[in-house]
Amino acid sequence: MTKLTLGSHPYLLGFDQLERLLERNAKSGNEGYPPFNIEQTSNNSYRITLAVAGFAENDLAITVEDRQLVIRGRQRDDTEGRVYLHRGIAARQFQRSFVLADGVEVGEAIMENGLLHVDLTRAQPETVVQTIRIRKG
């Protein structure tokens, strides 16, 4: 039995990169921290919202690496001089990655009430009609 892939289908030329992106996304850890929402705010824009209560703006880093939006959080350890009788709020670090399609650009990031909002926009590609001349061989 042969494995059917996007790259092997005769009508899907050049989609092997999409298959690699799907495999990379499936291999990445699907841990649930921090929880997040993705909403469509218009036909060409999106917003990712992460629940980052306890993190300050300078504890967070947002980068775009190889068409991936990467959001990292690392809290400083400020337990010096404190004695906890119970510690249920962990100061842990995280990394969340989102694969971006071609033409999707990262806009601004806003921190509000313990939520980090990252706005994305998708540029509309221009419709291009190209005529290919046939020459005699």
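How each quantity is defined
Residues numbered from 1 in each chain as written. Predicted model: local features only at pLDDT ≥ 70, side-chain atom pairs only at ≥ 80, totals over all residues. Heavy atoms only, no water. Phe/Tyr/Trp six-rings, centres within 6.5 Å; stacked < 30°, edge-to-face > 60°. Helix = DSSP H or I, 4+ residues; strand = E, 2+ residues; numbered from the N terminus. Buried < 20%, exposed > 50% of the residue type's maximum accessible area, 1.4 Å probe, protein only. Salt bridge = Lys/Arg side-chain N within 4 Å of Asp/Glu carboxyl O.

A.B. asks: Any chance you could explain the packing of aromatic side chains here in plain terms?
C.D. replies: Centre-to-centre distance and the angle between the planes together describe a pair of aromatic rings. Under the defined criterion, the tally for this structure stands at three aromatic pairs. Taking the centre distance of 6.1 Å and the plane angle of 90° together, the rings of tyrosine 33 and phenylalanine 94 count as edge-to-face. Residue tyrosine 33 is located in the loop between helix H1 (16–27) and strand E1 (36–42), and its partner phenylalanine 94 is located in strand E5 (residues 94–99); the two are separated by 61 residues in the primary sequence. We note that tyrosine 33, like phenylalanine 94, is buried. Residues phenylalanine 36 and phenylalanine 98 carry aromatic rings whose centres are separated by 5.3 Å and whose planes lie at 80° to one another, so their mutual orientation is edge-to-face. With a gap of 62 residues between them, phenylalanine 36 in strand E1 and phenylalanine 98 in strand E5 connect regions that are remote in the sequence. Overall, the relative accessible area of 33% leaves phenylalanine 36 in the partly exposed class.

A.B. asks: Please explain the pattern of salt bridges as it appears in this structure.
C.D. replies: Charged atoms that come close allow side chains of opposite charge to pair. Taken as a whole and judged by the stated rule, the model has two salt bridges. Among the ionic pairs, arginine 47 bridges to aspartate 119, the shortest N-O distance being 2.7 Å. One end of the pair, arginine 47, is in strand E2 (residues 45–51); the other, aspartate 119, is in strand E7 (residues 115–122), and 72 residues separate them in sequence. Here arginine 72 and glutamate 65 are joined by a salt bridge, their closest N and O atoms 3.2 Å apart. You can call arginine 72 partly exposed: its relative accessible area is 29%.

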